[in-house]
Amino acid sequence: MSSCPDEKRVHLKTRIFHEVSEYWMNVFYLALVFASFTQYRRLILAAHDITYTNYWVALIEALILAKVIMIGSVFRLGRGLERKPLIYPTLYKTVVFTLFCGFFSLGEHAIKGLWQGEGFMGGFAQLFGKGPHEFLADSLVVFVAFIPYFGVKELGRVLGEDKIRGLFFRTRAAS
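Figured I'd write up the structure that's included with this text. Here the structure is a predicted model, which is why all the values come from computation and not from measurement.

Further remarks concern the overall build of the protein chain. Counting its secondary structure elements, the protein chain contains six helices and zero strands. The C-alpha radius of gyration of the protein chain comes to 20 Å, more than 25% above the 16 Å expected for a compact globule of 175 residues. Viewed in the frame of its principal axes, the protein chain has a C-alpha envelope of about 60 × 50 × 30 Å. A sequence separation of at least 24 residues applies to 64% of the contacts in the protein chain between residues at least 6 apart. Where the 20 positive side-chain charges of the protein chain centre and where its 14 negative ones centre are 7 Å apart.

A full pass over the atoms with the stated rule returns nine salt bridges. For Asp138, the salt bridge identified is with Arg41, shortest N-O distance 3.8 Å. You can see Asp138 sitting in helix H5 (residues 132-159) and its partner Arg41 sitting in helix H1 (residues 3-46), a full 97 residues away along the chain. Given the relative accessible area of 34%, Asp138 is considered partly exposed. With a shortest N-O distance of 2.5 Å, Glu154 and Arg157 are connected by a salt bridge. Of this pair, Glu154 and Arg157 both sit in helix H5, separated by three residues, roughly a single helical turn. On the basis of relative accessibility, which here comes to 35%, the residue Arg157 falls in the partly exposed class. Because the salt bridges share partners, they merge into one network encompassing Arg79, Glu82, Lys93, Glu154 and Arg157.

Closest axis-to-axis distance for the H5/helix H6 (residues 161-169) pair is 6 Å, and the angle between their directions is 120°. Classified by the angle their axes make, H5 and H6 are oblique. Along the contact surface, H5 presents Val152, Leu155, Gly156 and Leu159, while H6 presents Glu161, Lys163 and Ile164. Class assignment for the residues of the contact of H5 with H6 results in four nonpolar, one polar and two charged.

What counts and how
- Residues numbered from 1 in each chain as written.
- Predicted model: local features only at pLDDT ≥ 70, side-chain atom pairs only at ≥ 80, totals over all residues.
- Heavy atoms only, no water.
- Helix = DSSP H or I, 4+ residues; strand = E, 2+ residues; numbered from the N terminus.
- Rg over C-alpha atoms; globule rule 2.2 N^0.38 Å.
- Contact = heavy atoms within 4.5 Å.
- Lys, Arg positive; Asp, Glu negative; His and termini not counted.
- Charge placed at Lys NZ, Arg CZ, Asp CG, Glu CD.
- Salt bridge = Lys/Arg side-chain N within 4 Å of Asp/Glu carboxyl O.
- Buried < 20%, exposed > 50% of the residue type's maximum accessible area, 1.4 Å probe, protein only.
- Axes fitted to C-alpha atoms, helices over the stretch in contact; angles between N-to-C directions.
- Parallel < 35°, antiparallel > 145°, perpendicular 65-115°, else oblique.
- Nonpolar A, V, L, I, M, F, W, Y, C, P; charged D, E, K, R; others polar.

Below is the structure:
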């Protein structure tokens, strides 16, 4: 009987390690994608002699969005097409999580507006103050970033995470 609490403790430690490592892998991938688009934006604006210095926004967005993805996973968002060919659950999860992130962003700005004493609409005005094009462009970046992300996740679900990890990070024998 005394091994049962030890097994639970080991299981909890394993689960925490898995969740934390998954979070940081998500952050790494998203930061890489967002930093690429930030650099692209900087180069485009530099061609018009406009200075762009919001480099840390990509990392902050990656930190937040990685947590939003994990929250969505806890709520089992995007489930239901697992038996279909991989393209279907990949694109379905991409759409569902992009919408989830968009709604999260709306909620985040609404709370920020309340916090700053501007009310819900003040937060939304702040979000859309740059114009709807920027919100749509940011959503498009998230959507495009999610396609390979969920593609690899779906491969891991079907083939096994260890198999995918081995294919990416272990040396294979020569053919």
